[in-house]
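One letter stands for each residue in the lines below.
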Amino acid sequence: GIYKVGTETLDNWWGILPGLLLWVIAVSRKGKIGSGDGWIVMAVGWALGMKKVWNLLAIAFFTAGGVGIFYLFFKKESEKEIPFVPFLLLGFLVGAVLIAGIVIALELLDDTVKNEDDIERYLEIPTLAVVPDVSADKKNRKKKQREKKK
């Protein structure tokens, strides 16, 4: 899937690092930045992996920056603290919607023929013959040979 959750890849464990970095900054700043943001980014980073958590953080930082600029120019009384976790959620949702939109658009624009049913459906002609995928057969044979050796 697009957002694969799990521990089967090393990338999931590397995804903890951005959250760990936020947590270290929060601890070193002695309360000026909430350490909860770091914990949440660690959890999300573990679930999404390194690349996806950086994309999420980029969206969250840009959104938080936009809201911060809005507060500077249009609010008479500025808030001292703006929570970051809602921007993480917003970044996750925006990323998920963008990815879903891209996947749907690519699927709708894909006009390749994948099997004999597609030929009959799109070209409205019967299938005369099917050429098997030889590469898949080779992989299966090699796999069976390895299993026999064990």
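Residues numbered from 1 in each chain as written. Predicted model: local features only at pLDDT ≥ 70, side-chain atom pairs only at ≥ 80, totals over all residues. Heavy atoms only, no water.

A. Focus on helix 2 (residues 16–28). Over its 13 residues, helix 2 extends 18 Å from the first C-alpha to the last, a length consistent with the 18 Å expected when each residue adds 1.5 Å. Those residues of helix 2 lying buried are Pro18, Gly19, Leu22 and Ala26. Viewed along the axis of helix 2, the buried residues span an arc of 95°, placing them on a single side of the element. Among the structural elements, helix 1 (10–14), helix 3 (35–48) and helix 4 (50–74) are those in contact with the buried residues of helix 2. Positive backbone phi, at 50°, marks Lys30, one or two positions downstream of helix 2. (Helix = DSSP H or I, 4+ residues; strand = E, 2+ residues; numbered from the N terminus. Expected span 1.5 Å × (residues − 1). Buried < 20%, exposed > 50% of the residue type's maximum accessible area, 1.4 Å probe, protein only. Arc of directions from axis to C-beta. Contact = heavy atoms within 4.5 Å.)

B. Here's a closer look at the pattern of salt bridges. Going through the model one piece at a time under the given rule, you end up with 2 salt bridges. Between Asp110 and Lys114 there is a salt bridge, with the nearest N and O atoms lying 2.5 Å from each other. Here Asp118 and Arg121 are joined by a salt bridge, their closest N and O atoms 3.0 Å apart. Remark: Arg121 and Asp118 occur in helix 6 (residues 116–123); sequence separation between them is 3 residues, near one turn of the helix. (Salt bridge = Lys/Arg side-chain N within 4 Å of Asp/Glu carboxyl O.)

C. Expanded view of the side chain of Asp118. With relative accessibility at 10%, the residue Asp118 sits in the buried group. Setting aside residues no more than four positions away along its own chain, Asp118 makes contact with Thr112, Val113 and Leu123.

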